[in-house]
Amino acid sequence: MRTKPSKRLLELTINGETYELAVEPQETLSEVLRNRIGLTGVKEGCGTGECGSCTVLVEGEPVLGCLLLAVECERKRVETIEGQAEEGVLTPVQQAFLEKGAVQCGFCTPGMVLASTALLKRRPNPSEEEIQEALEGHLCRCTGYNKIMEAVLHAASSAADKR
Amino acid sequence: MYLPRFAFEKPTSLKEASSLLTEKAVKSTLLAGGTDLLPRMKYGVADPERLISLKGLGVSAPKVLPEGDLILDGASTLASVALSPEVAENAPLLAAAAGRVATREIRNVATLAGNLCQDTRCLYFNQRHTFQFVEPCFKRGGDFCYFIPKGKKCWAVYMSDTAPALICLGAKIQVEGDGAGALLDLEALYSGDSLHPLTIGSDTIISGIRVPPTGGTRGWAFSKLTLREGMEFGALNIAVLLETGKDPGTCTRARIAVGAVSPAPVRALKSEGLLVGGPFSPALLAEAARQVAEEVTVIPHHGYSKWYLTRALEVEALNALTRAVNQLTGGR
Ligand SMILES: Cc1cc2nc3c(=O)[nH]c(=O)nc-3n(C[C@H](O)[C@H](O)[C@H](O)COP(=O)(O)OP(=O)(O)OC[C@H]3O[C@@H](n4cnc5c(N)ncnc54)[C@H](O)[C@@H]3O)c2cc1C
Ligand code: SF4
Ligand code: FES
Ligand code: FES
């Protein structure tokens, strides 16, 4: 016997705003963010954990939106690429990606930026190895990764200059 | 890629979770991090009617008992295991293995018990027969194998990185459900059958993992062979734990476990026997590494040939043994 799936009421804080939504158990966090809230900066590439394009921050940690049920995020703090820039002013990581040519088609960019932002929060001066570790789950078909590496290093050093 | 429909429960106690799992009327499966289960559901390899989330139970932090046992909650994330000071201090081999699973995004949600209970895989695992192949293979309830078409069974291999490390450490798992609260040797969790790789029923919950203290001085190494580093599943992995007594050159206990090459992690017992007692010499390590490659029968998988995996196993074994011995003798 298949029990009838039932919708659940879910409270999420997304980019600082609280949303109350009724979601089906099988809806993933990426689906809810894209289809219900309209945050299409969350990209879905593979849907099975292999590309990193669906990365969002939950409680400040990078996770894959395509492999997380929305119902498992009850009352959690979710951040997407749309919540990064404030009043049109890019974050240091976004600015560095732009300056260093780390953005081409842009499909991998939201995930790359969010994972890099989380990395710099816990390691303000990461080594190249630490950057590789933080971004190992992110595929980019365009840039060849060098520019992305340069951008993260640049974001770290420009933040250090400001300190 | 969408998930099929299912019902969802989030119990708040182990007891409630157990009783939901054992309800016969509805086919239930445990959901921990979901990083193994949800892709399988998307591929159509698993189709539970109801998921029982473990997220409502909370997770206790790693702790060390007075007698020295390290106790880990089954629901600990791999990131927390890899970064825990208690684990680094008491079981650095496990910390290293947990840190090599997949990617940070996955390790942030994937759990230790989920890693131990993951399904076996093969190159054809994620192919949906509806658009790519006409016949369902054994994994999907059919009676055909794409990998060995004339074969009579499934040849998928078991990929966990933490299982070989925990087996070397002599870990025990605490199981709830049938035989509630019992401690089982982790090695006994694996059946060696690709289709049903675990010996516990689907209504059993692994609530904890217990790692006994190492006697004497220990040297350890974890190696995982991948072609591109990063997030890949291993072509093979190997964990080594060596112990010595007063004399740092003489081995009193040796453990070698190899993963990702067969339906269950495999101990290299003969090689372990060669190492115990003997002073570590380059010749002994080379002999022990040769023995590992000889006694562990590898299944070719994911495009790696049997010849390649066997040669690579000897190389990785020598590398891991050398690193473990260097730790013991202070060399690098
Ligand atoms: C892209 C990608 C790369 C990966 N790379 C690796 C890799 O390199 N190495 C590796 O080892 N794994 C890898 N994995 C597999 C997987 O992510 C890990 O094995 C992970 O640790 C599984 O844990 P989970 O909590 O997400 O398990 P889940 O998916 O929640 O569960 C897995 C299985 O275990 C059962 N289960 C979960 N918790 C318990 C429990 N407490 N008691 C009993 N049964 C339980 C579930 O019912 C399910 O059948 C990868 C996965 C992906 C998608
Ligand atoms: S080894 Fe054969 S039966 Fe098993 S999953 Fe692969 S194709 Fe299917
Ligand atoms: S879409 Fe989530 S990892 Fe590819
Ligand atoms: S910029 Fe195109 S995928 Fe990375």
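For the structure itself, consult the block above.
A brief report on the enclosed structure follows. (Residues numbered from 1 in each chain as written. Chains lettered and ligands numbered in written order. Predicted model: local features only at pLDDT ≥ 70, side-chain atom pairs only at ≥ 80, totals over all residues. Heavy atoms only, no water.)

1. Here's the deal with the packing of aromatic side chains
All names here are of chain B. In this structure the tally under the stated criterion is 4 aromatic pairs over all chains. Between Phe144 and Tyr146, the aromatic rings sit 4.9 Å apart at their centres with planes inclined by 85 degrees, giving edge-to-face as the arrangement. Seen from their ring centres, Tyr158 and Tyr190 are 4.7 Å apart, and the 50 degrees between their planes marks the pair as tilted. Of the two residues, Tyr158 sits in the loop between helix H7 (112–116) and helix H8 (162–168) while Tyr190 sits in the loop between strand S7 (182–185) and strand S8 (205–211), which places them 32 residues apart along the sequence. Under the relative-accessibility criterion, Tyr190 is labelled buried at 9%. (Phe/Tyr/Trp six-rings, centres within 6.5 Å; stacked < 30°, edge-to-face > 60°. Helix = DSSP H or I, 4+ residues; strand = E, 2+ residues; numbered from the N terminus. Buried < 20%, exposed > 50% of the residue type's maximum accessible area, 1.4 Å probe, protein only.)

2. What to know about the side chain of Thr244 of chain B
All names here are of chain B. Relative to the helices and strands, Thr244 is located in strand S10 (residues 236–244). Judged by its relative accessible area of 2%, Thr244 is buried. Setting aside anything within four residues of it in sequence, one finds Thr244 in contact with Gly216, Thr217, Thr250, Cys251, Thr252, Phe280 and Leu328. (Contact = heavy atoms within 4.5 Å.)

3. Some thoughts on the packing of helix H2 (residues 92–99) of chain A against helix H3 (residues 109–122) of chain A
Residue and element names in this part refer to chain A. Contact pair H2 / H3: the axes reach a minimum separation of 9 Å and the direction vectors enclose 130 degrees. For the element pair H2 / H3, the angle class is oblique. Handedness of the H2/H3 crossing: right-handed. Across the interface between the two elements, Val93, Gln94 and Phe97 of H2 pack against Thr109, Met112, Val113, Ser116, Thr117 and Leu120 of H3. Across the contact of H2 with H3, the residue classes tally to 5 nonpolar, 4 polar and no charged. (Axes fitted to C-alpha atoms, helices over the stretch in contact; angles between N-to-C directions. Parallel < 35°, antiparallel > 145°, perpendicular 65-115°, else oblique. Left-handed = near helix turned anticlockwise from the far one by under 90°. Nonpolar A, V, L, I, M, F, W, Y, C, P; charged D, E, K, R; others polar.)

4. Remarks on the environment of Gly192 of chain B
Residues and elements named next belong to chain B. Checked against the element boundaries, Gly192 lands in the loop between S7 and S8. Separated by 67 residues in sequence, Gly192 and Phe125 place their C-alpha atoms 18 Å apart. Look past the residues within four positions of Gly192 in its chain and what remains in contact with it is Pro197, Pro263 and Ala264.

Purely geometric numbers; function is a separate question.
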